[in-house]
Amino acid sequence: MKLDNSNLVNELPSITVSISTISKNLYKFIKTFNFSNLVHANEVIIIVQGEIFDEEIYKIDKKFIIIQDENIGISNSRNIAISNASCDYIWFLDDDIIMYKNSILSLKKHIAKNLSDIYTVRMNYENTETPYKRYSNRLGIKRMDSLKVSSVELIASRQFLNDKNIKFNKNIGLGTMYPSSEENIFYLDAFDNNAKINHITEYLIAHPYIDRKKNHFSNPNILFAKGIFCKRYGGVFGFIILLYFAFKVFSVSLNLKLLIHLINGYFDGRKYIDNA
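Counting restarts for each chain, with residues numbered from 1 along the sequence as it is written. Totals for whole chains, interfaces and linings use every residue, but because this is a predicted model, local features are given only for residues with pLDDT of at least 70 and side-chain atom pairs only at 80 or more, for both listing and counting. Side-chain calculation: all heavy atoms of the structure are included, whereas hydrogens and water are not.

With respect to the sheet that holds strand E6 (residues 118–125)
Consideration 1: DSSP bridges decide pairing: two strands pair if at least two such bridges lie between them. Labels follow the DSSP assignment, with helices taken as runs of H or I lasting at least four residues and strands as runs of E lasting at least two, numbered in each case from the N terminus. One open sheet holds the eight strands; their spatial order is E3-E2-E1-E4-E7-E6-E8-E5, and the pairing between them is mixed. Each edge of the open sheet carries a strand with a single partner, namely strand E3 (65–69) and strand E5 (98–99).
Consideration 2: Relative to E3, strand E2 (residues 43–49) runs parallel, the two being bridged by five bridges. The residue bridging Ile-46 from the neighbouring strand is Ile-66, located in E3.
Consideration 3: Packed onto the sheet, helix H4 (residues 103–113) meets strand E1 (15–22), strand E4 (89–94), E5, E6, strand E7 (154–157) and strand E8 (197–207) and runs at close to 175° relative to E8.
Consideration 4: Any two residues whose heavy atoms approach within 4.5 Å are treated as being in contact. Between N-to-C directions, angles cover 0 to 180 degrees, with each direction set by a line fitted to C-alpha atoms, over the stretch in contact for helices. Its contacts with the sheet place helix H6 (residues 182–192) against E4, E6, E7 and E8, and it is angled at close to 35° to E7.

The structure is reproduced here in structure tokens:
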């Protein structure tokens, strides 16, 4: 069911907000997420992986679409959103993201001024003004920017994704054996299909604090996924990125086994890309 958007200007694009969660997080998500900040969304789809109970679902506004997914993996959840969305654009969010009061309306205004296929937005850490990462000040971003993108910062044209048959790689991403890099490959797939990509410099969402460097370069399965990404990037630059990741591994730990996982991901990466 679509949300009531009668208070919005008709010429603004329509937005589907898709939120991915899992059954064990559902109670916390319902209790802590500020659903009132979704008021400007034209459609909200909540994808729950795992068993869900009526007493929890009854607490969610009936205007929202609830989809139970018996599979696992954030990529599968994102792809369900692409298949079920009905609006012009899809914003991919997680259950721990903090959305600001007028973020969706602000996004619509940005899109209306500069129509593109893909948008990226900025995110800071919860209860601070500290950026989640170092963002480029360029409005038109490039192939190399695939290194930095997070899926919750991505807004994509539904028509573009369907026309180009672009989906998230179900072999990788949170919830799978290799919990990383699905958004980076998704961005590459869009870029390589000649997507017009625009960066919005406004901070529209927040994320709880995590030590990104330590987490991303000390987990062997994440490093394997990063090796797959390097293979997908391809060519000399893909190999240079692999060397950069290897340097980051050694900056965290002098554990040779971690480096081997990264290299194995690179050399085995093609089968994970081709069988996505």
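Still more ground to cover, so stick around.
Focus: the packing of aromatic side chains
Consideration 1: Two aromatic rings, drawn from Phe, Tyr or Trp (for Trp, its six-membered ring), form a pair once their centres lie within 6.5 Å of each other, and the interplanar angle then sorts them: stacked below 30 degrees, edge-to-face above 60, tilted otherwise. What the rule picks out here adds up to 20 aromatic pairs.
Consideration 2: Their ring planes at 50° and their centres at 5.2 Å tell us that Phe-29 and Phe-33 sit as a pair that is tilted. The same class applies to Phe-29 and to Phe-33, which are both buried.
Consideration 3: Measuring from ring centre to ring centre gives 5.9 Å for Phe-217 and Phe-245, while their planes differ by 50°; the resulting arrangement is tilted. Accessible area is worked out with a 1.4 Å probe on protein chains only. A residue is then buried under 20% of its type maximum, exposed over 50%, and partly exposed in between.

A few points about the pairing of E8
Consideration 1: The element E8 is extensively covered by neighbouring structure, given that eight of its eleven residues are classed as buried.
Consideration 2: Sheet analysis places E5 next to E8, joined by two bridges and oriented antiparallel. Residue Ile-98 lies in a different strand from E8, and its bridge partner there is Ala-206.
Consideration 3: Where E6 meets E8, seven bridges bridge the pair, whose relative direction is parallel.

Things to note about the pairing of E2
Consideration 1: Across the seven residues that make up E2, a large majority, seven, are buried.
Consideration 2: Every second residue of E2 is oriented toward a common face, with Glu-43, Ile-45, Ile-47 and Gln-49 on one face and Val-44, Ile-46 and Val-48 on the other, all of them buried.
Consideration 3: Of the strand pairs in this sheet, E1 and E2 are connected by seven bridges, and their pairing is parallel. Pairing of Ile-19 across the sheet is with Ile-46, part of E2.

Some remarks on the side chain of Thr-120
Consideration 1: Within the secondary structure layout, Thr-120 lies in strand E6.
Consideration 2: Using a relative accessible area of 5% as the deciding quantity, one classes Thr-120 as buried.
Consideration 3: If sequence neighbours within four positions are ignored, Thr-120 has contacts with Ile-141, Val-149, Glu-153, Leu-154, Asn-198, His-199 and Ile-200.

Overview of unusual backbone geometry
Consideration 1: Here Asn-127, not a glycine, exhibits a phi torsion of approximately 65°, which is positive.
Consideration 2: Owing to a relative accessible area of 77%, Asn-127 belongs among the exposed residues under this scheme.
Consideration 3: We note that Asn-194 has phi near 65°; this positive angle belongs to a residue other than glycine.
Consideration 4: With a relative accessible area of 69%, Asn-194 lands in the exposed category.

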